[in-house]
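An overview of the molecular structure
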Amino acid sequence: MGSIKTGTDVVVIGAGPGGYVAAQRAAQLGLDVTLVESEELGGTCLNHGCIPSKALISVGDLVHKVNNGSDRGIVVKGSVEVDFAKTQEWKQSKVIKRLTTGVASLMKAAQVEVVKGRARFTDAHSLEVELNDGGTAAYSFKHAIIATGSRAINPPFFPIDGENVVDARGALAFTAVPARFLVVGGGYIGVELGIAYAKLGSKVTIVEATGQLLPGTDPDLINVLMRRLRRLGVTVLLNAKASGGLQNGKVRVEDAEGKVQEIEADKVLVSVGRRPYHEGLQLEKAGVRVDEKGFIPVDEQMRTNVSHIYAIGDVCSPVMLAHKASAQGRVAAEAIAGLKSAADWQTVPAVIFTDPEIAYVGLTEAQAREKGYDPVVSRYNFAAVGRALTMGESDGFVKLVGDRKSGLLLGAQMIGPEVSELIGEVTLALEMGALMEDVALTPHYHPTLSEGILEAALSWVHDIEKAGRK
Ligand code: FAD
């Protein structure tokens, strides 16, 4: 046992986008902070999630654009080949490593003590760390923030073996592009990676148990996505169940009528959801309660049932998003410092990096109606946006939802080129309580994709005026 460090104001367990942001904010507020991480700084997001997936997606996009630019006069003599070992090396050293090194610098600048090892509670005011380079260290703390994230679900009907049947972490680390790639689960991780590998040259099949890809997403958006998937040659099997693992290079898939087919695959990604992760943390020794699904319940200041212990990010919330984890981290740090910060998740945007991209924020028309608004929807197609045509990306649309009576902007759903960037404008407008008219009055640079938002807002205002004149 190493020495006991006493008097630490805040111990943060886990250095993902929740934990490292919480640690930095707490230190900025003058608290003495220790951050414990058993793997690389940056957590799932930087090392095995958001960042590596977007790196592969952008390489896939580039290859696909070059290979499919003949209508714009781009002639490829032979075929464009991908040196995937080089792609992976670039992803690791030029993207991930740079970012994780950046996190280390941020922690140093904020004077956060970083401890590499696995933490476990020994009671409600102390924990023990199994240090990565041997031995243990003990810490006592005034406050703790649990930010241990989530892990992929390993379903008994299709066990992950880590070789040919992998989770997202495994699929992001393939050493070669699989010739035949089957994805079990049509959620955002499965669809994003399915499209990326299809563009890199795999023959891709996505098997989804429900009747729609990206369950829960506005079906209008999915129609556009399905058309694009067909054009990319991705096979989508809906209301279908894969089971029994990869047997002799084949996967058994059963449809809703009980018809069975065997699909050939070299690699299988099992992506059927993620679960909160707190194994070995000995939460019970600190008295921290978990719910029946394993999440740690928290109040609006991210406090658990033990008032000086907080939980943030994937470990406490089924909406698992990096920017939400970071926002929760800031709230927890500020609450510990005695500020009045509290969670307000009305304006957390969601982005899915499919082709075309999908983004949404706030309320859909149906959600707005449920909340008692009188929603009016306006939609503007990218086919009428000049910049989209210049990019050869005219599929998709912007949909804005506004309240007839108050004129308030309530939400947006979009599919199309770079909507991952466009959603920021609507998010800010929502956060500031903007009216549809505010968006319509804001000059938007020409020619840009953001004119899709302007046009949707203008047509919303125009429709309301017209209805008023009748
Ligand atoms: P994590 O990032 O999971 O970090 C938790 C950390 O805690 C880990 O580093 C872990 O090693 C450490 N830890 C756990 N237990 C202990 C312990 N006992 N002691 C010490 N350390 C411990 N989200 C988005 O918003 N946008 C995206 O585009 C996106 N893409 C994704 C793509 C993929 C393939 C995946 C898998 C996820 C993606 N996500 C995305 C989700 C995002 O990665 C998570 O929501 C986010 O990482 C959660 O942050 P967190 O801080 O809660 O936990």
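Preceding block: the structure.
My aim in this report is to walk through the structure given alongside it, one point at a time. (Residues numbered from 1 in each chain as written. Predicted model: local features only at pLDDT ≥ 70, side-chain atom pairs only at ≥ 80, totals over all residues. Heavy atoms only, no water.)

**Digging into the sheet that holds strand E9 (residues 203-207)**
For clarity, the cut-off: In this analysis, strands are considered paired if DSSP registers two or more bridges between them. Per the convention used, a helix needs a DSSP run of H or I reaching at least four residues, while a strand needs a run of E reaching at least two, with both numbered from the N terminus.
Reading across from one edge, E7-E14-E8-E9-E10 is the order of the 5 strands in this open sheet, with parallel pairing throughout. Taken across any chain shown, the strands that pair with only one partner, and hence form the sheet edges, are strand E7 (165-166) and strand E10 (235-237). As defined by bridge partners, strand E8 (residues 180-184) adjoins strand E14 (residues 267-270) across 4 bridges and the pair is classed as parallel. Residue pairing across strands places Leu182 opposite Val268, the latter belonging to E14.

**Things to note about the layout of surface pockets**
Think of a ball as big as a water molecule: rolled over the atoms, this probe shows where empty space is left. Stated formally: Of the two site types, the cavity is a set of points on a 1 Å grid over the protein atoms alone where a 1.4 Å probe fits but cannot get out, and the pocket is an open set with protein on both sides within 12 Å along at least five of seven lines, each lined by residues with an atom within 4 Å of a point. Grid points are joined across faces, edges and corners, and a volume is the space filled by probe spheres set on the points. Put simply, Ala, Val, Leu, Ile, Met, Phe, Trp, Tyr, Cys and Pro go in the nonpolar bin, Asp, Glu, Lys and Arg in the charged bin, and everything else, Gly too, in the polar bin.
The space that makes up the second largest pocket amounts to roughly 640 Å³. Contributing to the lining of the second largest pocket are 28 residues, with Lys65, Lys199, Arg228, Asp355 and Glu393 lying nearest its centre. Looking at the lining of the second largest pocket, the elements that each hand over two or more residues are helix H3 (50-67), helix H7 (219-231) and helix H12 (419-431). Here the lining of the second largest pocket gets 6 residues from one element, more than from any other, and that element is H3. Tallied by class, the residues present in the lining of the second largest pocket amount to 6 nonpolar, 8 polar and 14 charged.

**Describing the pattern of salt bridges**
Put simply, the rule is: What counts as a salt bridge is simple: a side-chain nitrogen of Lys or Arg found within 4 Å of a carboxyl oxygen of Asp or Glu. Accessibility here uses a 1.4 Å probe with only protein chains present; expressed as a share of the type maximum, an area under 20% marks a residue as buried, one over 50% as exposed, and anything in between as partly exposed.
Taken as a whole, this structure holds 23 salt bridges when the rule is applied. Lys199 is the partner of Asp61 in a salt bridge, and the nearest nitrogen-oxygen pair spans 2.5 Å. You can see Asp61 sitting in helix H3 and its partner Lys199 sitting in helix H6 (residues 188-200), a full 138 residues away along the chain. Given a relative accessible area of 25%, Asp61 falls into the partly exposed group. Connected through shared salt-bridge partners, Asp61, Lys199, Arg228, Arg231, Asp355, Glu393 and Asp395 make up one network.

**A look at the packing of H3 against helix H4 (residues 84-109)**
Inclusion rule: Axis definition: a line fit to C-alpha positions, over the contact stretch in the case of helices; interaxial angles, taken between N-to-C directions, run 0 to 180 degrees. Roughly parallel here means an angle under 35 degrees, roughly antiparallel means over 145, roughly perpendicular means 65 to 115, and every remaining angle is called oblique. Crossing handedness is defined as follows: a turn of the near helix away from the far one that is anticlockwise and smaller than a right angle gives a left-handed crossing, while the clockwise case is right-handed. By the convention used here, residues are in contact when the closest approach between their heavy atoms is within 4.5 Å.
For the pair H3 and H4, interaxial distance at closest approach is 10 Å and the crossing angle is 135°. By the criterion of interaxial angle, the relationship of H3 to H4 is oblique. By crossing handedness, the relation of H3 to H4 is classed as right-handed. Residues Ile51, Pro52, Ala55, Leu56, Ser58 and Val59 of H3 form the contact with H4, whose participating residues are Phe84, Thr87, Gln88, Trp90, Lys91, Val95, Ile96 and Leu99.

**Quick word on the nonpolar core**
Test applied: Nine residue types can take part in a nonpolar core, namely buried Ala, Val, Leu, Ile, Met, Phe, Trp, Tyr and Cys, and a core is a set of them joined through side-chain atoms within 4.5 Å.
Core analysis: the biggest nonpolar cluster contains 52 residues, and Val33, Phe121, Leu127, Ile145, Ile146 and Ile309 have the highest contact counts within it. Setting aside chain neighbours within four positions, we find Phe121 in contact with Ile13, Ser126, Leu127, Phe141, Ala144, Ile146, Leu281, Gln282, Leu283, Lys285, Ala286 and Ile309. Membership of the second largest hydrophobic core comes to 35 residues, among which are Tyr197, Leu213, Leu214 and Leu232.

**Focus on the packing of aromatic side chains**
Test applied: We call Phe, Tyr and Trp rings a pair once their centres come within 6.5 Å, taking the six-membered ring for Trp, and we label the pair stacked below 30 degrees between planes, edge-to-face above 60, and tilted otherwise. Lysine NZ or arginine CZ positioned within 6 Å of the ring centre and within 35 degrees of the ring normal marks a charge as sitting over the ring.
Scanning all chains against the criterion turns up 5 aromatic pairs. A ring pair is formed by Phe181 and Tyr197, whose centres lie 5.1 Å apart and whose planes are at 70°; its orientation type is edge-to-face. One end of the pair, Phe181, is in strand E8; the other, Tyr197, is in helix H6, and 16 residues separate them in sequence. Look at Tyr197 and you get buried, because its relative accessible area is 0%. Directly above the ring of Tyr277 sits Arg151, whose terminal nitrogen or CZ lies 3.8 Å from the centroid.

**Let's talk about the site of the ligand**
Our working rule: For this purpose, a residue is taken to be near a molecule or strand whenever a single non-hydrogen atom of the residue falls within 4 Å of it. Here a polar contact is recorded for every N or O atom pair within 3.5 Å, except that within protein the pair must consist of a potential hydrogen donor and a potential acceptor, and residues adjacent in sequence are included only if both atoms are side-chain atoms. Domain start and stop points were drawn from an automatic or database domain assignment.
Of all residues adjacent to the ligand, which total 40 residues, the nearest are Glu37, Thr44, Lys54, Asp314 and Ala322. Ala119 places a main-chain nitrogen or oxygen 3.0 Å from a nitrogen atom of the ligand. Every element with two or more residues in the shell around the ligand is listed here: strand E2 (33-37), helix H2 (43-48), H3, strand E3 (113-123), H6 and helix H9 (322-336). The greatest single-element share of the shell around the ligand, amounting to 4 residues, is contributed by H2. Counted by class, the shell around the ligand contains 18 nonpolar, 16 polar and 6 charged residues. Both of domain 1 (10-152 + 275-336) and domain 2 (165-272) provide at least three residues apiece to the shell around the ligand.

**A look at H7**
Since one α-helical turn is 3.6 residues long, residues separated by three or four positions face the same way. In plain terms, the rule: A helix is expected to span 1.5 Å multiplied by its residue count minus one.
Helix length check: H7, at 13 residues, gives a terminal C-alpha distance of 19 Å against a target of 18 Å (1.5 Å per residue), a fit within 8%. Those residues of H7 not exposed but buried are Leu221, Ile222, Val224, Leu225, Met226, Arg228 and Leu229. Looking at the buried side of H7, the elements it contacts are H6, E10, strand E18 (357-362), strand E20 (397-403) and strand E21 (409-416). By the N-cap criterion, in which a side-chain oxygen at the helix start approaches the backbone nitrogen of a residue two or three places on, H7 is capped by Asp218, the distance to Asp220 being 2.9 Å.

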